[in-house]
Amino acid sequence: MKDVHRVLIDKLREHSRLSSDDLAAIRGLSFTLRELQGGEDLVQQGESPKGAALVVDGMVGRYHLQRNGRRQFLSFHMVGDLPDSQGIFLERMDHSLCAIGQAVAAIIPHREILRMFEARPGLGFAIWRETLVDAAIFREAITNNSARTMKARMAHLFCELFYRAEVSKLTDGNSMQLPISLAQLGDTLGMAIATVNRTISSLRASKTMDFRYGILTIRNWQGLAKIGEFDPGYLHLKRAPAR
């Protein structure tokens with residue numbers, strides 16, 4: 001099992017400076033681990049969680065549940081992300097989180113995080129930045145799904161996920177684990193399954209990427225980024241992947 005505190009430290013260092021006292025405060029946080037099966041909810045819409053989730057292994061997705069039972073995925077979160085940190089300040093969650101494939105999350109009590117904020121305001125700002133990056137991803141997703149072609153929106157999503165994974169050192173060369181099903185891709189990008197298949201085939205034909213068996217492989221980063229109109233500036237990350 002990964003060092004939970006190290007996972008959080010490495011993530012916050014992607015965009016914030018941490019002092020030795022900040023590091024000590026993080027290492028003092030308690031947590032409980034929760035192992036999740038694919039599709040299993042970590043947090044449900046309407047709940048009032050008492051702890052914040054830190055993704056320790058695998059991936060989780062944020063979604064809204066529609067009346068017809070379908071899920072509209074809003075964002076995906078990988079190792080180091082704090083996908084429900086808003087719950088520290090909100091009485092009830094307005095979205096749900098579920099595992100995308102098998103995943104492990106560490107649940108850190110809100111009361112300990114709030115005490116840490118009071119003692120180390122800089123850490124509060126760092127976690128606040130995490131929520132601001134989340135908001136930026138939401139805004140980009142709205143533009144992606146409403147203003148781009150099917151091919152461009154899928155290319156953009158793949159670029160975003162790979163870029164974030166590469167910054168967090170979660171890639172293996174030009175590939176990354178991406179256990180998103182075709183149905184989940186459709187629920188994210190507003191596409192029927194047939195359209196998802198056609199769009200993946202079109203991107204494969206462009207020789208910029210491949211996606212199969214839960215593995216995303218980048219063949220031509222510049223080409224894929226051009227198709228997806230991807231500019232990583234909205235992610236506000238100080239650390240950039242080496243290319």
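What counts as what
- Residues numbered from 1 in each chain as written.
- Predicted model: local features only at pLDDT ≥ 70, side-chain atom pairs only at ≥ 80, totals over all residues.
- Heavy atoms only, no water.
- Helix = DSSP H or I, 4+ residues; strand = E, 2+ residues; numbered from the N terminus.
- Buried < 20%, exposed > 50% of the residue type's maximum accessible area, 1.4 Å probe, protein only.
- Contact = heavy atoms within 4.5 Å.
- Areas by Shrake-Rupley, 256 points an atom, 1.4 Å probe, with all protein chains shown as cover.
- Lys, Arg positive; Asp, Glu negative; His and termini not counted.
- Charge placed at Lys NZ, Arg CZ, Asp CG, Glu CD.
- Domains from an automatic or database assignment.
- Buried area = accessible area lost by both parts, 1.4 Å probe.
- Polar contact = N/O pair within 3.5 Å; in protein donor to acceptor, adjacent residues only side chain to side chain.

1. With respect to the overall build of the protein chain
Assigned secondary structure in the protein chain consists of 8 helices and 10 strands. Taking the principal axes of its C-alpha atoms as reference, the protein chain extends roughly 55 × 45 × 30 Å. For the protein chain, with 243 residues in total, the buried portion stands at 52%. Considering only intrachain contacts with a sequence separation of at least 6, the fraction spanning at least 24 residues in the protein chain is 72%. Accessible surface computed for the protein chain: about 11,800 Å², of which carbon and sulfur atoms make up 51%. Distance between charge centroids for the protein chain: 5 Å, based on 32 positive and 26 negative side chains.

2. Considerations on the domain arrangement of the protein chain
One can read the domain layout of the protein chain as domain 1 (4-140) and domain 2 (149-235). The C-alpha-based centres of domain 1 and domain 2 are spaced at 23 Å. Facing the 18 residues of domain 1 at the interface are 18 residues of domain 2. The largest per-residue losses of area from domain 1 upon contact with domain 2 belong to Phe76, Met78 and Glu140, which jointly make up 34% of the total buried on that side.

3. Some details on the side chain of histidine 77
Within the secondary structure, histidine 77 is located in strand E5 (residues 71-77). Within the structure, the side chain of histidine 77 is placed 3.1 Å from the side chain of arginine 62, a separation counted as a polar contact. In this structure the side chain of histidine 77 is engaged in a polar contact, spanning 2.8 Å, whose partner is the side chain of serine 75. In this view, histidine 77 contacts Val55, Gly58, Met59, Val60, Arg62, Pro83, Asp134 and Arg164; residues no more than four positions away in its chain are not counted.

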